[in-house]
Amino acid sequence: MPVIVLASPKGGVGKSTTALVLGTTLAERGAAVTVIDADPNQPIVGWAALPGVPQALDVVSCTSEKEIIPAIKEAAARTPFVIVDLEGTANLLVAYAISRADLVIVPTQGSHLDGKEAAKAIQLVKEQEEYLGRTIPFAVVITRTSAAIRPKTLQHVEQLLRDAGIPMFRTQMLDREPFRAVFSIGGSLENLPQREVSTRDAAIANAEAFASELLEKLDDIAGAEGGPENGADGEEAA
Amino acid sequence: MAGEQRANPFGNLGRFKPKTPEPAEPDQSASVKTAAERTGFQSREAPVKKKRRGRRSGRTRAFTTKMTPDYHDLVYRLADGEVDGRERLVSEVIEQALDALMRELGAERAG
């Protein structure tokens, strides 16, 4: 059921990393996932050319405004999870993708500059809700934070988001070497050689916590919509 | 702790199913575009340029007339090869149409 769109007009905030980590984490645990790479730089298509792509994960390239909605619909009819990674610019393709989202994740780093850009994505979501006449759930995830320190600026940005009533992920995507290493080695975090990437297990724990919180949010959204396709009984499809 | 059971958040992923394709939905792209433009999200794609039909043909007389939109489109569809897969100059479309009319009338073409 869920179409998850990662959007922020700011580049380098961790959209592709978050999309890939989410996609591989879910796929490694048995869910069929399609990741649509809608960034013209094609970071996830590039990753998929490396060995170790989980069997349950399919990567589709689509960078055309005209084709993004059909691509999302087609993927959503094929796999239960669709994750759309967008380019870090304010373009129309972002808007089309958001119009099909069940959840928009807005990654941002803990700085005011990044927070301002994240606000633009949230503003677009709000504007679309008004024009399309439906609620588009969204949540901010703070990315590339340090496991050791919580700078004052980050704390202030978090406070601003909370004060503005912006839904947020409790889990932050930490700045971990394994999240970068998957783009050069390929495959998922689980396949990374521990001897090369010593913080692998910590990165896996971070990814699991984030994916688990995502599932919680999706269940909440499904509940709010009145029990849709992912019914609460949890039975597998025949 | 020994014996402590933790819930596995990934134990029940089967509750998420692919979407059932919906019957024809209204096209909301105009609304999406308006909302996007109001928040500064613009198209980055260049508008589709009309095909150039400017190759030299050796013809020297201009011919200008007004047509209904349907016949105007038909001339260009024929010229672009959208009808039979063969591209022609606009002047060739008109020439071939005139030849066909003359044949239908059983008339001889002067010159």
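Data block above holds the structure.
Residues numbered from 1 in each chain as written. Chains lettered and ligands numbered in written order. Predicted model: local features only at pLDDT ≥ 70, side-chain atom pairs only at ≥ 80, totals over all residues. Heavy atoms only, no water.

1. Here's the deal with the overall build of chain A
Logical step 1: What chain A contains, in helices and strands, is eight helices and seven strands.
Logical step 2: Relative to the globule expectation of 18 Å for 238 residues, the C-alpha radius of gyration of chain A, 17 Å, shows essentially globular dimensions.
Logical step 3: Taken over the C-alpha atoms alone, chain A extends approximately 50 × 50 × 40 Å along its principal axes.
Logical step 4: By residue count, 55% of the 238 residues in chain A fall in the buried class.
Logical step 5: Carbon and sulfur atoms form 51% of the exposed surface of chain A, whose accessible area is close to 9,700 Å².
Logical step 6: Taken as two groups, the 21 positive and 32 negative side-chain charges of chain A have centres that lie 7 Å from each other. (Helix = DSSP H or I, 4+ residues; strand = E, 2+ residues; numbered from the N terminus. Rg over C-alpha atoms; globule rule 2.2 N^0.38 Å. Buried < 20%, exposed > 50% of the residue type's maximum accessible area, 1.4 Å probe, protein only. Areas by Shrake-Rupley, 256 points an atom, 1.4 Å probe, with all protein chains shown as cover. Lys, Arg positive; Asp, Glu negative; His and termini not counted. Charge placed at Lys NZ, Arg CZ, Asp CG, Glu CD.)

2. Some words on the sheet that holds strand S4 (residues 81–86) of chain A
Residue and element names in this part refer to chain A.
Logical step 1: If you trace the seven strands from one edge of the open sheet to the other, you get S3-S2-S4-S1-S5-S6-S7, paired in parallel fashion. Each of the sheet's edge strands pairs with one partner strand only, and the pair in question is strand S3 (57–61) and strand S7 (173–174).
Logical step 2: The pairing of strand S6 (residues 138–145) with S7 spans two bridges and is parallel. Opposite Thr143, over in S7, you have Met173 as the bridge partner.
Logical step 3: Contacting strand S1 (3–6), strand S2 (33–38), S3 and S4, helix H3 (residues 68–78) runs over the sheet at an angle of about 170° to S2. (Pairing = 2+ DSSP bridges. Contact = heavy atoms within 4.5 Å. Axes fitted to C-alpha atoms, helices over the stretch in contact; angles between N-to-C directions.)

3. Re the packing of helix H1 (residues 15–28) of chain A against helix H7 (residues 177–185) of chain A
Each pair of packed helices can be summarised by the angle the axes make with each other and by the distance between the axes.
Residue and element names in this part refer to chain A.
Logical step 1: Remark: H1 packs on H7, axes separated minimally by 10 Å, with the N-to-C direction vectors making an angle of 80°. In terms of their interaxial angle, H1 and H7 are classed as roughly perpendicular. Taken together, the residues of H7 that come into contact with H1 (itself represented by Ser16, Thr17, Leu20 and Val21) are Phe179, Val182 and Phe183.
Logical step 2: When its residues are assigned to classes, the contact of H1 with H7 shows five nonpolar, two polar and no charged. (Parallel < 35°, antiparallel > 145°, perpendicular 65-115°, else oblique. Nonpolar A, V, L, I, M, F, W, Y, C, P; charged D, E, K, R; others polar.)

4. Some thoughts on the interface of chain A and chain B
Logical step 1: Taken together, the contacts link 51 residues of chain A with 29 residues of chain B.
Logical step 2: With both sides pooled, the region where chain A packs onto chain B buries about 3,400 Å², and carbon together with sulfur makes up 62% of that total.
Logical step 3: Summed over the shared surface of chain A and chain B, the result is four salt bridges.
Logical step 4: B:Lys19 serves as the salt-bridge partner of A:Asp102, at 2.8 Å between the closest nitrogen and oxygen. (Buried area = accessible area lost by both parts, 1.4 Å probe. Salt bridge = Lys/Arg side-chain N within 4 Å of Asp/Glu carboxyl O.)

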